[in-house]
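Observations on the three-dimensional arrangement
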Amino acid sequence: MNVIIKTPEDIEGMRVAGRLAAEVLEMITPHVKAGVTTDELDRLCHDYIVNEQKAIPAPLNYGAAPGRQGFPKSICTSINHVVCHGIPGEKKLKKGDVMNIDVTIIKDGYHGDTSKMFIIGDTQPFNERLVQVTQECLYKAIDLVRPGARLSDIGRVIQAHAHANHFTVVEEYCGHGIGKGFHEDPQVLHYNGYNENNDCILQEGMTFTIEPMINAGKKNTKLLGDGWTAVTKDRRSSAQWEHTLLVTADGVEVLTRRSEENF
Ligand code: MF3
Ligand code: CO
Ligand code: CO
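Residues numbered from 1 in each chain as written. Chains lettered and ligands numbered in written order. Predicted model: local features only at pLDDT ≥ 70, side-chain atom pairs only at ≥ 80, totals over all residues. Heavy atoms only, no water.

**Focus on the site of ligand 1**
Contacts to ligand 1 come from 14 residues, most closely from D113, H176, H183, E211 and E242. Interatomic distance of 3.1 Å between a side-chain N/O atom of D102 and a nitrogen atom of ligand 1. At a separation of 3.1 Å, an oxygen atom of ligand 1 approaches a polar side-chain atom of H176. When its residues are assigned to classes, the shell around ligand 1 shows 6 nonpolar, 4 polar and 4 charged. (Near = heavy atom within 4 Å. Polar contact = N/O pair within 3.5 Å; in protein donor to acceptor, adjacent residues only side chain to side chain. Nonpolar A, V, L, I, M, F, W, Y, C, P; charged D, E, K, R; others polar.)

**What to know about the nonpolar core**
If you look at the biggest cluster of nonpolar residues, it comprises 33 residues, and the most contacted ones within it are V145, I154, L202, F208, I210 and I214. Broken down by secondary-structure element, the contributors of at least two residues to this core are α3 (125-143), α4 (151-164), β9 (207-210) and β14 (243-247). With near-sequence residues (within four places) excluded, V145 lies in contact with I154, L202, F208, I210, L245, V247, G251 and V252. Of all hydrophobic cores here, the second largest spans 28 residues; its members include I49, I79, Y110 and L246. (Core = buried A, V, L, I, M, F, W, Y, C linked by side-chain atoms within 4.5 Å. Buried < 20%, exposed > 50% of the residue type's maximum accessible area, 1.4 Å probe, protein only. Helix = DSSP H or I, 4+ residues; strand = E, 2+ residues; numbered from the N terminus. Contact = heavy atoms within 4.5 Å.)

**Digging into α4**
Every α-helix carries 3.6 residues per turn, so stepping three or four residues along brings you back to the same face. Compared with the 20 Å implied by 1.5 Å per residue over 14 residues, the 21 Å span of α4 between its first and last C-alpha is a close match. Of the positions making up α4, those classed as buried are L151, S152, I154, G155, I158, Q159, H161 and A162. (Expected span 1.5 Å × (residues − 1).)

**Some remarks on the UniProt feature "binding site: a divalent metal cation 2" (unreviewed entry) in the protein chain**
Annotation from UniProt places "binding site: a divalent metal cation 2" (unreviewed entry) at D113, H176, E211 and E242. Their sequence span is 130 residues, while the largest C-alpha to C-alpha distance among them is just 10.8 Å; these annotated residues converge on one region. Position of E211 among the secondary structure elements: in the loop between β9 and β10 (213-215). Setting aside anything within four residues of it in sequence, one finds E211 in contact with D113, C174, G175, H176, H190, Q240, W241 and E242. Of the polar contacts made by the side chain of E211, one reaches the side chain of T209; its length is 2.8 Å. (UniProt positions renumbered as here; feature names shortened; annotations may be inferred.)

**As for the sheet that holds β10**
The strand order β6-β10-β13 describes an open sheet built from 3 strands, whose pairing is antiparallel. The open sheet terminates on both sides in strands that have one partner only, identified here as β6 (168-169) and β13 (238-240). In this fold α3 packs onto β10 and β13, with an angle of close to 35 degrees to the strand it touches most, β13. (Pairing = 2+ DSSP bridges. Axes fitted to C-alpha atoms, helices over the stretch in contact; angles between N-to-C directions.)

**Regarding the coordination of the cobalt ion (ligand 2)**
Listed as protein donors to the cobalt ion (ligand 2) are D113 (OD), H176 (NE2), E211 (OE) and E242 (OE); their distances from the metal cover 2.0 to 2.2 Å. Metal-centred angles of 51 to 160 degrees between the 6 donor atoms at the cobalt ion (ligand 2) mark the site as irregular. Coordination of the cobalt ion (ligand 2) draws on donor residues from a single chain, spaced D-x62-H-x34-E-x30-E in sequence. Separating the cobalt ion (ligand 2) from the cobalt ion (ligand 3) is a distance of 3.3 Å, and D113 supplies a donor atom to each of them. Within this pair, whereas D113 is found in strand β5 (residues 110-119), its partner E242 is found in the loop between β13 and β14, the two being separated by 129 residues in sequence. A residue is classified by how much of its surface remains accessible, and D113, at 2% relative accessible area, is buried. (Donors = N, O, S within 2.8 Å, 3.2 Å for Na, K, Ca; no water. Tetrahedral: all angles 85-135°; square planar, octahedral: opposite > 155°, others 65-115°.)

Right under this line is the structure:
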């Protein structure tokens, strides 16, 4: 494990990147409604990031390798049974859908990564509950971040809250260190999967994401043929919320806080 402790200069860069990522979610929120396509949302976010923020949308072409096409769009849009990494397309949002928009931007070399859920019109009570409990999982985890806490504390509190509400926790995807790299060490598991090799004690100057994916049905996921879209195997709904965090001397700073949130 190679956890990079951020310098004061890095931290300033991460604050700017985090704020910009949060501002993309704030900008897009009034546009998310029935009838809009996820391609239109992608275009609005892309243009805002590139032209207004003078930043880079990190997902675009991410993960390109010989024989593998990179991610084709600038944001991820994950609707209903899509767990994460949904690709924007021509399908229109409809009343009752629940959708995650995940934004990652790069500004002056630093990454800010954040996502939130949107409910289109109203949805069934179990979907509302799933979206709310998943946000509570994130908030409970953020609450215990401080120097001296352990990564495993995060997974424990998320799993306990999800299970107490009869939901399950996705294990195939996790949070991550973040900085000049999009996905740095450590891996941040959202379930009780730690041992002495992958657990670590949180220290001032660490920056990482917490981004629990919580399912209404079984925890298992499946990758679609496009090589990106992860769905629940049982096709029941999944929700996710994500923030980028800084461990401070005495607690945590939520680098991607939106103005609707009071931490
Ligand atoms: N933003 C995602 C995360 O939270 C990663 C998206 S990678 C992509 O780590 F290529 F699918 F965009
Ligand atoms: Co992330
Ligand atoms: Co993300």
